[in-house]
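Tertiary structure, described
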Amino acid sequence: MVVKVYGQIKAANPQRVLLCFLEKGIEFEVIHVDLDQLEQKKPEHLLRQPFGQVPAIEDGDLKLFESRAIVRYYATKYADQGTDLLGKTLEKRAIVDQWVEVENNYLYAVALPLVINVVFKPKFGEPCDVTLIEELKVKFEKVLDVYENRLATNRYLAGDEFTLADLTHMPGMRYIMNETTLGDGLVTSRENVNRWWNEISARPAWKKLMDLAAY
Amino acid sequence: MAGIKVFGHAATISTRRVLIALHEKNLDFELVHVEIKDGEHKKEPFLSRNPFGLVPAFEDGDLKLFESRAITQYIAHKYENQGTNLLPADSKNVSQYAIMANGMQVEAHQFDPVATKLAWEQVIKLIYGLTTDQAVVAEEEAKLDKVLDAYEARLKEFKYMAGDTFTLTDLHHIPVIQYLLETPTKKLFTKRPRVNEWVTEITKRPASQKVLQ
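Bear in mind that the values here come from a model prediction, so they are computed numbers and not experimental data. (Residues numbered from 1 in each chain as written. Chains lettered and ligands numbered in written order. Predicted model: local features only at pLDDT ≥ 70, side-chain atom pairs only at ≥ 80, totals over all residues. Heavy atoms only, no water.)

**Observations concerning the sheet that holds strand β1 (residues 3–7) of chain A**
Residues and elements named next belong to chain A. The strand order across the open sheet built from four strands is β2-β1-β3-β4, with neighbouring strands paired in mixed fashion. The open sheet has two edge strands, β2 (28–32) and β4 (62–65), and neither has a second partner. Averaged over all neighbouring strand pairs, the angle between strand axes comes to 20°, with direction disregarded. As defined by bridge partners, β1 adjoins strand β3 (residues 56–59) across three bridges and the pair is classed as antiparallel. Bridge assignment links Tyr6 to a residue of β3, and that residue is Ala56. Contacts from helix α3 (residues 67–77) reach β1, β3 and β4, with the element oriented near 135° to β4. (Pairing = 2+ DSSP bridges. Helix = DSSP H or I, 4+ residues; strand = E, 2+ residues; numbered from the N terminus. Axes fitted to C-alpha atoms, helices over the stretch in contact; angles between N-to-C directions. Contact = heavy atoms within 4.5 Å.)

Following this line, the structure appears as structure tokens:
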């Protein structure tokens, strides 16, 4: 059964889902929702996602939204297919969950307003808040220090294996690394974070996603 | 046996999220108080438990965790067979689990940031001797109104957020709602019939009441 993903291949949150599908060998079809035209706020899409965001998915009778819930579901349902994204024990899964929460509450919380101000506002000709950018950079550095420490003794965020904990970070990290110059100082100066990003962005599934996005 | 320990502050929203889950499961645990007003959460030894310097942190034997919603999920799975079932009714049905997970993300992304700001402005600031910014309250209440419209529609279809039974999705909402019921923001909940019923149900549960003592 081919999963329908409503969203845009270039958008961060749909990418979280598509990357999971590529890692697990799950067939999907992207149904384009034009974010520039605010299609996500129109009645048809609101029926799928009442908060007017992407992605939403349809898999037979199952309809879901929230990318981190979607990947959690597929990682569980297809635990034995493709890359194991969760770990085999409850305790390992708890550590994965912990770092998915960290991405949600710390990395995404800082990276999103940073990317909005540094990338999107200039793109749409809006003034960006320079003071805010500086404040966010300070916060971002503090978060990256924690990651630097963690990755000094762990190959991946949840331990020895690549899991959802790493995967969930990738779309946001791509913005920082490829669409801003922030990566040059903040990430490359941190040996372990730099090593981690280079390793996970070399994965075949990620490269396939980048091909599909055709930046 | 090392047992379960929670390192946190019994009045905080995030710590209460974990405590409610433990009470629902009738689990014995030790609450190790972290004195927030002394900045204890920003220093060692707490930082070794949560390098981001926020409560709560958690220990179950050798397992050490932080992030309240990761902790509650661990508790729900590990102790699945005791106390209240916090997972969907049919444990073999992964789709039901997906719907619960969807709701948990909605709580984290749409509800919690707004609700927490309202609790901060109207309750927590006062404890620190600061004044409520009514403009912020008005702005955040307008956002909460939109979220609760979506919740009202959802709860017309289902008794609880993820289906017919109480799950983690409902539980995660309880601590901040308890604070908001002490403020004028209460009216946003009470004016919506199904949301009002749901709020009444989830806050009157014995486990929810225990954290208020």
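**Section: empty space enclosed by the protein**
As enumerated under the stated definition, the model contains two cavities of 30 Å³ or more in all. For the largest cavity, the calculated volume is near 140 Å³. Lining the largest cavity are 14 residues, with A:Arg72, A:Glu101, B:Gln73, B:Met104 and B:Gln105 positioned closest to its centre. Broken down by element, the residue count for the lining of the largest cavity peaks at five residues, all from helix α4 (residues 94–127) of chain B. In this structure, the second largest cavity spans a volume of roughly 30 Å³. (1 Å grid on protein atoms, 1.4 Å probe; cavity = no way out; pocket = protein on both sides within 12 Å on 5 of 7 lines; lining within 4 Å. Points joined across faces, edges and corners; volume = space filled by probe spheres on them.)

**Looking at unusual backbone geometry**
Looking along the chain, the bond that leaves A:Val54 and enters A:Pro55 is cis, with omega of 5°. Following the sequence through the fold, A:Pro55 ends up in the loop between α2 (43–46) and β3. Cis geometry marks the peptide bond from B:Glu44 to B:Pro45; its omega dihedral reads 0°. The backbone of A:Leu38 sits at a positive phi, close to 55°, despite the residue not being glycine. Mapped onto the fold, A:Leu38 is located in the loop between β2 and α2. Phi at A:Glu66 is positive, roughly 75°, even though this residue is not glycine. Considering the arrangement of structural elements, one finds A:Glu66 in the loop between β4 and α3.

**Points about the UniProt feature "domain: GST C-terminal" (unreviewed entry) in chain A**
UniProt records the feature "domain: GST C-terminal" (unreviewed entry) at residues 89–215 of chain A, using the numbering of this structure. Annotated as residues 89–215 of chain A, this span is 76% helix and 0% strand, and its ends, taken at the C-alpha atoms, are 38 Å apart. (UniProt positions renumbered as here; feature names shortened; annotations may be inferred.)

**Considering the pairing of strand β2 (residues 30–33) of chain B**
All names here are of chain B. In the sheet, strand β1 (residues 4–8) pairs with β2 via four bridges, with the strands oriented parallel. Bridging across to β2, Gly8 finds its partner in His33. Chirality of the crossover, the property in question, places the unit of β1, helix α1 (residues 13–24) and β2 among those that are right-handed. (Right-handed = clockwise from strand over helix to strand, strands pointing away.)

**Topic: helix α9 (residues 193–204) of chain B**
Residues and elements named next belong to chain B. Taking 1.5 Å of rise per residue, 12 residues should cover 16 Å, and α9 covers 17 Å from first to last C-alpha, within 8% of that figure. Along α9, the residues classified as buried are Arg194, Val195, Trp198, Val199, Ile202 and Thr203. On an axial view of α9, the arc spanned by its buried residues comes to 150°, and they lie on one face. Exposed and facing more than 90 degrees away from the buried side of α9 are Pro193 and Lys204. Looking at the buried positions of α9, the neighbouring elements they touch are α5 (134–157), α6 (168–171), α7 (174–180), α8 (186–190) and α10 (206–210). (Expected span 1.5 Å × (residues − 1). Buried < 20%, exposed > 50% of the residue type's maximum accessible area, 1.4 Å probe, protein only. Arc of directions from axis to C-beta.)

**Points about the UniProt feature "domain: GST N-terminal" (unreviewed entry) in chain A**
Mapped onto the present numbering, the UniProt feature "domain: GST N-terminal" (unreviewed entry) falls on residues 1–82 of chain A. Here residues 1–82 of chain A is 34% helix and 22% strand, with 16 Å between the C-alpha atoms at its ends.

**A short note on the sheet that holds β2(B)**
Residue and element names in this part refer to chain B. An order of β2-β1-β3-β4 is seen for the four strands of this open sheet, with the pairing classed as mixed. A single partner strand is all that each edge strand has here, and the edge strands are β2 and β4 (63–66). On average, adjacent strands in this sheet sit at an angle of 20° to one another, irrespective of strand direction. Here β1 pairs with strand β3 (residues 57–60) via four bridges, running antiparallel. Bridged to Ile4 within β3 is Asp60. Sitting on the sheet, α1 is in contact with β1, β2 and β3, with an inclination near 155° to β1. Sheet strands touched by helix α3 (residues 68–78): β3 and β4. Its angle to β4, the strand with the most contacts, is close to 135°.

**Observations concerning the interface of chain A and chain B**
With 27 residues of chain A at the contact, the number on the chain B side is 28 residues. Note on chain A versus chain B: buried area summed over both sides is about 2600 Å², and carbon and sulfur give 67% of it. Our count for the chain A to chain B interface comes out at one salt bridge. One salt bridge connects B:Lys78 with A:Glu91, and the closest N-O pair in it is separated by 3.1 Å. Our count for the chain A to chain B interface comes out at nine residue pairs in polar contact (both at pLDDT 80 or more). Put simply, the parts of the chain that give the side of chain A that touches chain B at least two residues each are β4, α3, α4 (90–123) and α5 (130–153) of chain A. In terms of residue count, the dominant contributor to the side of chain A that touches chain B is α4(A) (12 residues). For the side of chain A that touches chain B, a count of residues per class yields 15 nonpolar, five polar and seven charged. (Buried area = accessible area lost by both parts, 1.4 Å probe. Salt bridge = Lys/Arg side-chain N within 4 Å of Asp/Glu carboxyl O. Polar contact = N/O pair within 3.5 Å; in protein donor to acceptor, adjacent residues only side chain to side chain. Nonpolar A, V, L, I, M, F, W, Y, C, P; charged D, E, K, R; others polar.)

**What about the nonpolar core?**
A general feature of soluble globular proteins is that nonpolar side chains tend to end up buried together. Membership of the largest hydrophobic core comes to 128 residues, with the highest contact counts inside it found for B:Phe58, B:Ile75 and B:Phe111. In terms of residue count, α4(A) provides more of this core than any other element does, 13 residues in total. Look past the residues within four positions of B:Phe58 in its chain and what remains in contact with it is B:Ile4, B:Lys5, B:Val6, B:Phe7, B:Val18, B:Leu22, B:Leu63, B:Lys64, B:Leu65, B:Ile71, B:Tyr74 and B:Ile75. Counting residues in each nonpolar core, the second largest holds five residues, with B:Phe7, B:Val34, B:Val55 and B:Ala57 among its members. (Core = buried A, V, L, I, M, F, W, Y, C linked by side-chain atoms within 4.5 Å.)

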